[in-house]
Amino acid sequence: MAYNVNEASKEFANNPWLHKPTCKNYKPKAGQRPNAPSTKLKDYTPAPERPMVSEPLIQSPAVKNLPAFSSINETYRRFDKPQPLAGKHEWGEIDEKWANGFLYDNGTGDFDNEFTHFDYELFNHDGTSVILASHQDNGRYVWYVLLKQPDGKYAPAEGELNNLTNIIADKKYQTVDVHYDGQGTFIVREYEGTDQHFYNSAGKLITSGRNVNVLNTAVDGKQVILRGMDANHDDVTLYNEDGKALVKGKHITMYGDALIVNNYRDNMFSLCNWRGESVVLDGIKAFEDIKACNDEGPYYLLKDKSRGYAVVGQGFRRVGNWYNTEEEAHRIWHKYHPQPKLSKQ
């Protein structure tokens, strides 16, 4: 039906639900929603993927970078004249009963014999151990380590710590030096042409080898030692100062928050915390490859031969699921990695 202009205007005015939503006088019909979204499939736009971020898969122990080691916790002196072993010293008083028994067991007799004096002393300021040496006519030193006893006096350490020689492959090697490492935390006994033996300040043997180093790192408040490969060791091991082996493998790559450990048996990789605990994803803890990355925070790409790539962020939180390609896994982290919360000013 054709309307003239006037009739059409009246009809439009009497039926306000016919107005377009842009009209300022538009009133929606009862039950009608303005700007209702389309329910047609052709008009559907999927929301961007928001991968889940898991709870921590393993704990994150306290890992602290220590300042460069120095001798700040140590005092050493060389004397022009031999000093008597008996009596009181700056570091304390020796227990003559213990010392006499120790010297007798080592074939040196008692205080009336060889080791009655010393001309070199080294002690730490924690009051846990003292290193003494006596210069011999042949130019060598005889070294002894004293440990504090429950009564506060010092006595020679028992066991390996005071072995003056070390026998390896039926050959006898003489001690050439005894000193501290890690600012007085560790005692090191070096044998001529062979291994270093590392002890903690309580006199416990931690490890030995040609390639042993104290790291400038503390885990849960305890300093860490790295023992590398040598002729007698086919793996790399991290120990803490109590002598506990934290983690071992063919190769260990160290980061501030995690370790990538190459297993020396099957050449697979594990992502571990500094206590040696491994990340497990869907029952898998050994991976074909692991890469460390950093983009607005550290994260790791873990490659499984059959499942693809997984993303683990700082705090050992998994981001998303498995992804077919490395590029896709990177993209997931770049777009959706956890953002730090901004404090309200």
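Being a predicted model, the structure only gives us computed values, none of them experimental.

Calculation notes
- Residues numbered from 1 in each chain as written.
- Predicted model: local features only at pLDDT ≥ 70, side-chain atom pairs only at ≥ 80, totals over all residues.
- Heavy atoms only, no water.
- Helix = DSSP H or I, 4+ residues; strand = E, 2+ residues; numbered from the N terminus.
- Buried < 20%, exposed > 50% of the residue type's maximum accessible area, 1.4 Å probe, protein only.
- Areas by Shrake-Rupley, 256 points an atom, 1.4 Å probe, with all protein chains shown as cover.
- Polar contact = N/O pair within 3.5 Å; in protein donor to acceptor, adjacent residues only side chain to side chain.
- Contact = heavy atoms within 4.5 Å.
- Phe/Tyr/Trp six-rings, centres within 6.5 Å; stacked < 30°, edge-to-face > 60°.
- Core = buried A, V, L, I, M, F, W, Y, C linked by side-chain atoms within 4.5 Å.

Draft legend 1. Structural view of the overall build of the protein. Of the regular secondary structure elements, the protein holds 3 helices and 24 strands. When burial is assessed residue by residue, the protein has 41% of its 345 residues classed as buried. Carbon and sulfur atoms form 48% of the exposed surface of the protein, whose accessible area is close to 20800 Å².

Draft legend 2. Region of interest: the side chain of glutamate 326. Position of glutamate 326 among the secondary structure elements: in helix H3 (residues 326–336). A distance of 3.2 Å separates a polar atom in the side chain of glutamate 326 from a polar atom in the side chain of lysine 291. Excluding residues that lie within four positions of it along the chain, glutamate 326 makes contacts with Lys291, Leu301 and Tyr309.

Draft legend 3. The arrangement of the packing of aromatic side chains in detail. The tally for this structure, following the rule as stated, stands at 6 aromatic pairs. Ring plane angle 85° and centroid distance 5.4 Å describe the contact between tryptophan 91 and tyrosine 154, whose orientation is recorded as edge-to-face. In this pair, tryptophan 91 sits in the loop between strand E3 (88–89) and strand E4 (92–93) while tyrosine 154 sits in strand E8 (residues 154–156), placing the two residues 63 residues apart along the sequence. The same class applies to tryptophan 91 as to tyrosine 154, namely buried. Centroid distance tyrosine 141 to tryptophan 143: 5.7 Å. Interplanar angle 45°. Geometry classified as tilted. Here tyrosine 141 falls in the partly exposed class, since its relative accessible area comes to 25%. By relative accessible area, which is 5% here, tryptophan 143 ends up buried. Among the aromatic residues, those joined into a cluster by ring pairs are Tyr120, Tyr141 and Trp143.

Draft legend 4. The nonpolar core, seen in detail. Within the largest apolar cluster, 22 residues are counted, with the highest numbers of intra-cluster contacts made by Trp91, Val130, Ile131, Leu132, Val145, Leu146 and Ile187. Contributions of two or more residues to this core are made by strand E5 (117–124), strand E6 (129–135), strand E7 (141–148) and strand E10 (171–181). Core analysis: the second largest hydrophobic core is formed by 15 residues, Ile58, Ala258, Val279 and Phe287 among them.

Draft legend 5. Representation of the environment of glycine 193. Among the secondary structure elements, glycine 193 is positioned in the loop between strand E11 (186–191) and strand E12 (196–200). Assessed through its relative accessible area of 57%, glycine 193 is described here as exposed. Between the C-alpha atom of glycine 193 and that of glutamine 174, which follows or precedes it by 19 residues, the distance is 9.0 Å.

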